[in-house]
Amino acid sequence: VQLQASGGGLVQAGASRRLSCAASGRTFSTDLMGWFRQAPGKEREFVAAISWDVVSTWYAASVKGRFTISRDNAENTVYLQMNSLKPEDTAVYYCAAAHNYGRLGPLNSGTYSNWGQGTQVTVSS
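In what follows, the accompanying structure is described. Keep in mind that what you see is a predicted model, and the values were worked out from it rather than measured.

1. Structural notes on the overall build of the protein
Of the regular secondary structure elements, the protein holds 0 helices and 11 strands. Each helix (α) and strand (β) of the protein, taken in turn from the N terminus, gives the series β-β-β-β-β-β-β-β-β-β-β. Each principal axis of the C-alpha distribution contributes one length, and for the protein these read about 40 × 30 × 25 Å. Burial status across the protein gives 44% buried among its 125 residues. Pairs at least 24 residues apart make up 57% of the contacts formed inside the protein by residues separated by at least 6 positions. Total accessible area computed for the protein in this model is approximately 6200 Å², and 47% of it derives from carbon and sulfur atoms. Of the charged side chains in the protein, 11 are positive and 8 negative, and the gap between their average positions amounts to 4 Å.

2. Comments concerning unusual backbone geometry
Of note, the phi angle at N76 is positive, near 55°, even though the residue is not glycine. Along the chain, N76 falls in the loop between β7 (67-72) and β8 (77-82). Residue classification places N76 among the partly exposed positions, given a relative accessible area of 30%. Unusually for a residue other than glycine, S84 sits at a positive phi of about 50°. Within the element layout of this structure, S84 appears in the loop between β8 and β9 (91-98). A relative accessible area of 41% means that S84 is categorised as partly exposed.

Parameters at a glance
- Residues numbered from 1 in each chain as written.
- Predicted model: local features only at pLDDT ≥ 70, side-chain atom pairs only at ≥ 80, totals over all residues.
- Heavy atoms only, no water.
- Helix = DSSP H or I, 4+ residues; strand = E, 2+ residues; numbered from the N terminus.
- Buried < 20%, exposed > 50% of the residue type's maximum accessible area, 1.4 Å probe, protein only.
- Contact = heavy atoms within 4.5 Å.
- Areas by Shrake-Rupley, 256 points an atom, 1.4 Å probe, with all protein chains shown as cover.
- Lys, Arg positive; Asp, Glu negative; His and termini not counted.
- Charge placed at Lys NZ, Arg CZ, Asp CG, Glu CD.

Here's what the structure looks like:
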């Protein structure tokens, strides 16, 4: 599956932003989907994930209550709604797809086999 992330940009602290990730290729509707981010000089970190049937979602502690992941399987798109943005949310955001959970689970980047190109989110103070 090919993934195309979009929606990044420059926003002020406290603002909201919605990222989108459009999938194409093989069946998307049965994939676990996740968002990760990487800030300058830091390792890529987990942000959020959602099961194929929307029953389960997972969030990093740093974004829980502020970010919401969702998906529209009919549109082959996954979203990340980001509210109350903080300067520490500044990063390149990547969407990723996994055909199964594997041994590592949805929070681990090693679970995901397909990655989008990333979209930059910059939050000014």
